[in-house]
Amino acid sequence: MLFFSEKKSRSTSHQVEPISDSSPSIHIGHVRREHRRLWIIGFILIFITFFYFCRPLDLLFNWIFVYETPFHNADVVLVGGLGGNLDMAIDLYHQNKVKAILITSGVPDTYKDVDAPVSMLYFIKQKLDEADVPLEDISCIPRKATNMLDRQLMIRDWIKIRNFHSYIMFTRRYNSRMNKIMHDDTFPDDDVELILYPSDGKSVWRKQWLGLHNTMIRMIYWKLIYRSQIQ
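Bear in mind that the values here come from a model prediction, so they are computed numbers and not experimental data. (Residues numbered from 1 in each chain as written. Predicted model: local features only at pLDDT ≥ 70, side-chain atom pairs only at ≥ 80, totals over all residues. Heavy atoms only, no water.)

Caption draft 1: The arrangement of the confidence of the model for the chain in detail. For the chain, mean pLDDT is 79; residues scoring 70 or higher make up 70% of the total. Averaged pLDDT values over the elements of the chain bottom out at 46 in helix 1 (residues 2-13) and peak at 95 in strand 1 (residues 76-79). Note that pLDDT drops below 50 for residues 1-14; the model gives that stretch 0 contacts with residues more than four away or on any other chain. (pLDDT = per-residue confidence, 0-100. Helix = DSSP H or I, 4+ residues; strand = E, 2+ residues; numbered from the N terminus. Contact = heavy atoms within 4.5 Å.)

Below you can see the structure in the form of structure tokens.
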């Protein structure tokens with residue numbers, strides 16, 4: 001019994017006492033964690049402030065997607081549907097800022113000879129007639145375009161035949177550079193001027209992001225496929 005008691009006493013004497021929470025190493029670790037947390041919070045605040053005031057995404061998108069042109073009188077204005085753009089085209093015509101209106105919503109071959117409300121062209125012509133725009137100053141591309149290239153070729157032919165040298169196109173802000181690219185490829189001799197008229201109106205962010213996505217796809221497709229075919 002004495003032997004075991006002495007052994008137990010020796011083993012307990014060699015046990016290491018636990019480090020209390022007030023030890024210097026734990027205090028230093030706690031301070032470091034606090035400093036790290038403050039640095040993260042500060043970085044997040046700086047990041048949010050930078051994006052709010054500097055708007056780098058807007059600058060980047062403007063550089064990639066936006067092209068601006070000074071507005072002045074032109075030979076013709078292009079319209080493709082009803083709504084605010086058509087109303088603006090009518091105003092431009094009555095203010096003598098354009099000589100003619102070209103409707104870019106062609107009629108499918110199925111309804112080519114049908115004078116009935118079966119296509120967008122019918123409703124646009126009806127609106128123009130109600131606005132007292134003379135029929136001789138209203139034109140339309142010969143048929144419904146099958147793709148972007150087909151549409152550009154028909155617009156080019158129409159403008160060249162009439163010896164026009166400028167046209168106004170309504171465009172959303174983030175589509176403007178795409179329209180400029182297509183114009184430059186459609187009229188490589190630089191003898192026809194494009195005048196872009198912004199018409200964004202009210203929109204929500206989700207639709208704007210979706211529009212940017214579609215514009216990027218169209219830009220890539222135009223450069224890779226259609227550019228070589230139109231030149």
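Caption draft 2: Summary view of the pattern of salt bridges. Overall, the coordinates contain 7 salt bridges when judged by the stated rule. With a shortest N-O distance of 3.5 Å, Arg173 and Glu68 are connected by a salt bridge. One end of the pair, Arg173, is in the loop between strand 4 (166-171) and helix 7 (176-186); the other, Glu68, is in the loop between helix 3 (56-65) and strand 1, with 105 residues separating them in the sequence. We classify Glu68 as exposed; its relative accessible area is 59%. A salt bridge links Lys99 to Asp75; the nearest nitrogen and oxygen atoms lie 3.3 Å apart. Residue Lys99 is found in the loop between helix 4 (84-94) and strand 2 (100-103), and its partner Asp75 is found in the loop between helix 3 and strand 1; the two are separated by 24 residues along the sequence. What makes Lys99 exposed here is its relative accessible area of 52%. Among the residues examined, Asp75 registers a relative accessible area of 11% and is labelled buried. (Salt bridge = Lys/Arg side-chain N within 4 Å of Asp/Glu carboxyl O. Buried < 20%, exposed > 50% of the residue type's maximum accessible area, 1.4 Å probe, protein only.)

Caption draft 3: Summary view of the sheet that holds strand 2. Strand order in the open sheet formed by 5 strands is 3-2-1-4-5, with parallel pairing between adjacent strands. Two strands bound the open sheet, and with one partner strand each, they are strand 3 (138-140) and strand 5 (193-198). Adjacent strand axes in the sheet meet at a mean angle of 30 degrees, parallel and antiparallel pairs treated alike. The pairing of strand 1 with strand 4 spans 3 bridges and is classified as parallel. Paired with Val77 across the strands is Ile168, a residue of strand 4. This element, helix 7, spans strand 4 and strand 5 of the sheet and lies at about 165 degrees to strand 5. (Pairing = 2+ DSSP bridges. Axes fitted to C-alpha atoms, helices over the stretch in contact; angles between N-to-C directions.)

Caption draft 4: Region of interest: the nonpolar core. Val77, Val79, Ile101, Ile103, Leu128, Val133 and Ile168 are the most contacted members of the largest nonpolar core, which totals 21 residues. For this core, the elements supplying multiple residues, two or more each, are strand 1, helix 4, strand 2, helix 5 (120-130) and strand 4. Sorting elements by how many residues they give to this core places helix 4 first, with 5 residues. Not counting the four nearest positions on each side in its chain, Ile103 is found in contact with Val79, Leu121, Ile124, Lys125, Leu128, Ile138, Ser139, Cys140 and Ile141. One finds Met154, Ile155, Met169 and Leu196 within the second-largest nonpolar core, a separate group that totals 16 residues. (Core = buried A, V, L, I, M, F, W, Y, C linked by side-chain atoms within 4.5 Å.)

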